[in-house]
Amino acid sequence: MTLPSWVESAAHFSDPEHRVWLRRPLGGPNGPAVFVLHNPSIANDVKNDPTANRGIGFGRSWGASDLVFVNAATGVATDADNLASMTDPIGSMADGALEVAAEFCRQRDGVLIAAWGAPKGKAKTKRLMAERFAHIRALGLPLHYLRMSSGGHPEHPLYLPKTLKPTPWFGVFS
């Protein structure tokens, strides 16, 4: 697979409401750290949010060349419940971005880390995201995780200890 040119960008939006890719060069000697999160928030080509800053910290501690975020849903929302009210919360490029992320890791000896957390929000949003997470797992991507919740969900990095390292996720899915 030839990677699209937008993988070199700081951020790629398929339209103003859908962020497909967020990248921060870190300059480390190892491959990239790519997180698959729930949905994008306010980070863009120049602005970080708390999750981006936390991911940068993890990436630097692992000596990663880059930090990249892709998302289960590409719809930009600071509240997960806003996803369910969007016309297309997942976005037309979501699966493609996940496949590009996996190839980006393969070509650059990186690691793809599931970190979307448990489905959150109102019942409609939880159903939407539970279905989406199951779909992503069915794609057969080489996923890792930092820590699993008691409910079997790959935890979001924001509040995890900085000492954690990616662990291969061998098909133990919830």
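Everything quoted here is computed from the prediction, not taken from an experiment.

1. Concerning the overall build of the chain
Then, in step 1: When you go through the chain residue by residue, the secondary structure sums to four helices and seven strands.
Then, in step 2: Tracing the chain from N to C terminus, the helices and strands come up as β-β-β-α-β-α-α-β-α-β-β.
Then, in step 3: The C-alpha atoms of the chain give 15 Å as radius of gyration, which agrees with the globular expectation for 174 residues (16 Å, within 12%).
Then, in step 4: For the chain, the spread of C-alpha atoms along the principal axes amounts to about 45 × 35 × 30 Å.
Then, in step 5: By residue count, 51% of the 174 residues in the chain fall in the buried class.
Then, in step 6: Taking contacts inside the chain between residues at least 6 apart in sequence as the whole, the part at least 24 apart equals 72%.

2. Here we look at the packing of helix 3 (residues 94-108) against helix 4 (residues 123-138)
How two helices pack is summed up by the angle between their axes together with the distance between the axes.
Then, in step 1: Following both chains from N to C, one finds helix 3 and helix 4 inclined at 40°, their axes separated by 11 Å at the closest point. Taken together, the axis directions place helix 3 and helix 4 in an arrangement best described as oblique. Between helix 3 and helix 4 lies a crossing whose hand is right-handed. Along the contact surface, helix 3 presents Ala94, Asp95 and Leu98, while helix 4 presents Arg132, His135 and Ile136.
Then, in step 2: In terms of residue class, the contact of helix 3 with helix 4 is made up of three nonpolar, one polar and two charged.

What counts, and at which threshold
- Residues numbered from 1 in each chain as written.
- Predicted model: local features only at pLDDT ≥ 70, side-chain atom pairs only at ≥ 80, totals over all residues.
- Heavy atoms only, no water.
- Helix = DSSP H or I, 4+ residues; strand = E, 2+ residues; numbered from the N terminus.
- Rg over C-alpha atoms; globule rule 2.2 N^0.38 Å.
- Buried < 20%, exposed > 50% of the residue type's maximum accessible area, 1.4 Å probe, protein only.
- Contact = heavy atoms within 4.5 Å.
- Axes fitted to C-alpha atoms, helices over the stretch in contact; angles between N-to-C directions.
- Parallel < 35°, antiparallel > 145°, perpendicular 65-115°, else oblique.
- Left-handed = near helix turned anticlockwise from the far one by under 90°.
- Nonpolar A, V, L, I, M, F, W, Y, C, P; charged D, E, K, R; others polar.

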